[in-house]
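Observations on the model geometry
The residues making up each chain are set out below.
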Amino acid sequence: MLIHKPIQEFTQRELYNLGIKSFSFDSREAQVGDLFCCLPGLHTDGHNYIDTARARGVKHFLVHDSSYECDDEIHIVSGDTRRAMAVLSSIFYDVPSQRLSVIGVTGTDGKSTTTYLIQQLISVHGYSCGMMSTINFKTGPQMQENLLRQSTPEAPQVEHAPPNTCLLYTSPSPRDST
């Protein structure tokens, strides 16, 4: 089934009724119930991994055109799959940005250390605080290693943070990208 409609018109109930249980954008981690988001990249395109996601049981895809259709699958079509993934994950997780306080840390060096220190200061004062850095993620009680080694997480990773927390994340300085 192909679904062509403005992404912002989807509702949380509609996404649940389609059978979507989570989001993935790495075919190696995709699983049954995921909406596999085919994202364009610098070196490859997520559309190249549709068959890998299918082999892992995925039946829901976010694609940029309708040429990938298969009868027993659901394909949500959007010209900008990265933006669509951000909007859909926000809707799916009940727009958590309305309940989160977010602190961003940018710069060239020391971002992970700074986020860790801020997270500790906030937590010691009794507030729930998660963090996302190049080194670690903490969106619950346990710290986890950031196996992606990316300083800027994708939208579903941010949107899935626990409600009513302060969320810290790091981003490279604009000078780092030049």
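Keep in mind it's a predicted model, so treat the numbers as computed, not measured. (Residues numbered from 1 in each chain as written. Predicted model: local features only at pLDDT ≥ 70, side-chain atom pairs only at ≥ 80, totals over all residues. Heavy atoms only, no water.)

Along the protein, the regular secondary structure elements total five helices and ten strands. A separation threshold of at least 6 residues defines the contact pool for the protein, and within that pool the share at least 24 residues apart is 54%. (Helix = DSSP H or I, 4+ residues; strand = E, 2+ residues; numbered from the N terminus. Contact = heavy atoms within 4.5 Å.)

Moving on, we get to the side chain of His-75. Relative to the helices and strands, His-75 resides in strand β5 (residues 74-77). For His-75, a relative accessible area of 0% puts it in the buried group. Within the structure, His-75 has its side chain in polar contact with the side chain of Glu-73 (distance 2.7 Å). Not counting chain neighbours up to four residues away, the residues in contact with His-75 comprise Met-1, Leu-2, Ile-3, Arg-54, Phe-61, Val-63, Tyr-68, Glu-69 and Cys-70. (Buried < 20%, exposed > 50% of the residue type's maximum accessible area, 1.4 Å probe, protein only. Polar contact = N/O pair within 3.5 Å; in protein donor to acceptor, adjacent residues only side chain to side chain.)

Among the nonpolar cores identified, the biggest contains 19 residues, and Phe-10, Phe-23, Leu-35, Leu-62, Ile-76 and Leu-88 are the most heavily contacted of them. When residues of this core are traced back to their parent elements, those giving at least two are β3 (34-37), β5 and α3 (81-92). Among the elements that take part in this core, α3 stands out by supplying five residues, more than any other. Setting aside residues up to four positions removed in sequence, Leu-35 forms contacts with Ile-20, Ser-22, Phe-23, Ser-24, His-60, Phe-61, Leu-62, Ile-76 and Leu-88. (Core = buried A, V, L, I, M, F, W, Y, C linked by side-chain atoms within 4.5 Å.)

Once that is clear, we can look at the pairing of β5. By the alternation rule, side chains of β5 split into Ile-74 and Ile-76 and His-75 and Val-77, which are all buried. Note: strand β1 (residues 2-3) against β5, two bridges, orientation parallel. Counted as the bridge partner of Leu-2 is His-75 from β5. (Pairing = 2+ DSSP bridges.)

Remember, this is a structural readout, not a statement about activity or role.
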